[in-house]
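Given next are the chains, with one letter for each unit.
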Amino acid sequence: MEDSYPKYTFTWLGGLVLFAGLFAGTMVTSVFNVFWMFVFKENLQYRDWFFMLANASGFLAAIAFFDFFIVRRTTGRKLNFNFSLTDVSTWLLIFPMMAGMMFIAEFITSQIPTTGPFFGKYYEFFTRLMENLTDDPAVMVITAVICAPIFEEIIFRGIIQKGMINAGVRPWKSIAIASVIFGLVHGNPWQFVGAVLLGAVLGTVYYKTKSLLLPMLLHGFNNLCSTLLMTYTQKESFAVAFHIPDWAVLAAGMVLFSLSYYLFTKKYEAAC
């Protein structure tokens with residue numbers, strides 16, 4: 001079945017093309033905003049729908065650039081992915097595995113300082129930035145739970161990870177590199193840890209099942225949980241939401257992740 005998809009590779013050139021597409025998409029929305037301010041005297045940066053549009057345009061342009069300038073020129077085919085649903089037993093393993101890693105990531109992230117001469121100012125800036133993104137729950141759900149998982153999984157798992165594996169990089173190294181890049185683009189140490197750990201789960205699921213739909217759904221599940229926690233507890237923490245100590249979250253995460261990961265890898269141990 002994998003033979004029906006283009007065998008593109010990801011190299012430093014592909015990285016430059018992705019960056020160029022991201023820059024081009026961002027510039028288009030910026031120019032549109034300048035035009036709108038000139039004609040209608042309104043800054044669209046304060047409109048929730050524009051936040052969603054600007055977020056999507058950069059990702060879409062990056063994917064389109066990679067498709068036209070790398071995939072079609074090297075393979076003669078358009079960018080395409082496997083979005084199969086797989087079987088129910090796989091779903092019953094990957095969602096608990098993802099939840100377990102979310103618990104583990106929360107505990108590790110909570111150990112990173114949020115006070116002090118460096119971390120304190122950085123954390124305050126990051127907190128204000130997140131608070132100013134949007135106050136509309138609908139826009140936040142569409143952006144974080146639907147759009148981000150689709151676009152980010154296409155780029156980080158579908159293009160970067162799969163492209164490196166196609167180029168001959170060992171699978172575990174491709175998963176690790178894609179996860180670290182995924183963490184770095186979040187731009188702060190608190191989200192970096194979670195993004196790397198969760199990216200490793202997403203990458204493993206994609207490599208084993210060959211379906212990009214599954215990491216998209218898992219990514220959306222993670223972002224939905226984060227959105228609900230921020231909305232109802234004002235803090236992205238399961239420990240706060242359930243009124244339990246951090247160590248209990250870690251213990252639950254380790255048990256849930258270890259058991260689910262073992263059963264999942266046993267199920268797909270022959271996957272390549």
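Calculation criteria
- Residues numbered from 1 in each chain as written.
- Predicted model: local features only at pLDDT ≥ 70, side-chain atom pairs only at ≥ 80, totals over all residues.
- Heavy atoms only, no water.
- Helix = DSSP H or I, 4+ residues; strand = E, 2+ residues; numbered from the N terminus.
- Rg over C-alpha atoms; globule rule 2.2 N^0.38 Å.
- Buried < 20%, exposed > 50% of the residue type's maximum accessible area, 1.4 Å probe, protein only.
- Contact = heavy atoms within 4.5 Å.
- Areas by Shrake-Rupley, 256 points an atom, 1.4 Å probe, with all protein chains shown as cover.
- Salt bridge = Lys/Arg side-chain N within 4 Å of Asp/Glu carboxyl O.
- Core = buried A, V, L, I, M, F, W, Y, C linked by side-chain atoms within 4.5 Å.

Draft legend 1. Structural context of the overall build of the protein chain. Along the backbone of the protein chain there are ten helices and zero strands. For the protein chain, the sequential pattern of α-helices and β-strands runs α-α-α-α-α-α-α-α-α-α. Since a compact globule built from 272 residues should have a radius of gyration of about 19 Å, the 20 Å found for the protein chain is in line with a globular shape. Principal-axis analysis of the C-alpha atoms gives the protein chain an extent of 60 × 55 × 35 Å. With 272 residues in all, the protein chain has 43% of them scored as buried. Long-range pairs, those at least 24 residues apart, make up 78% of the contacts in the protein chain between residues at least 6 apart in sequence. A total accessible area of about 14600 Å² is found for the protein chain, and carbon and sulfur atoms account for 71% of it.

Draft legend 2. The arrangement of the pattern of salt bridges in detail. Taken as a whole and judged by the stated rule, the model has five salt bridges. A salt bridge links Asp67 to Arg72, with the shortest nitrogen-to-oxygen separation between them at 3.0 Å. Since its relative accessible area comes to 35%, Arg72 is described here as partly exposed. The partner of Lys266 in a salt bridge is Glu269, and the shortest N-O contact between them spans 3.8 Å. We classify Glu269 as exposed; its relative accessible area is 54%.

Draft legend 3. Main features of the environment of Tyr268. Tracing the backbone through its elements, the reader meets Tyr268 in the segment after α10 (246–267). What makes Tyr268 buried here is its relative accessible area of 14%. Linking Tyr268 and Pro6, residues 262 residues apart in sequence, is a C-alpha distance of 23 Å. In this view, Tyr268 contacts Thr86, Asp87, Thr90, Lys208 and Thr209; residues no more than four positions away in its chain are not counted.

Draft legend 4. Examining the nonpolar core more closely. By size, the foremost hydrophobic cluster in this structure holds 27 residues, and its most contacted members are Leu18, Phe66, Phe81, Ile155, Ile159 and Ile160. Among the elements that make up this core, the one with the highest residue count is helix α5 (residues 137–166) (eight residues). Not counting chain neighbours up to four residues away, the residues in contact with Phe66 comprise Tyr8, Thr9, Phe10, Gly14, Val17, Leu18, Val71 and Ile159. With 23 residues, the next largest nonpolar core counts Ile94, Leu218, Cys225 and Leu250 among its residues.

Draft legend 5. Highlighting the environment of Met101. Along the polypeptide, Met101 turns up in helix α3 (residues 88–110). Here the alpha-carbon distance between Met101 and Thr233, two residues 132 residues apart in the chain, equals 21 Å. Among all residues touching Met101, those that are not within four sequence positions of it are Leu197, Leu198, Val201 and Phe257.

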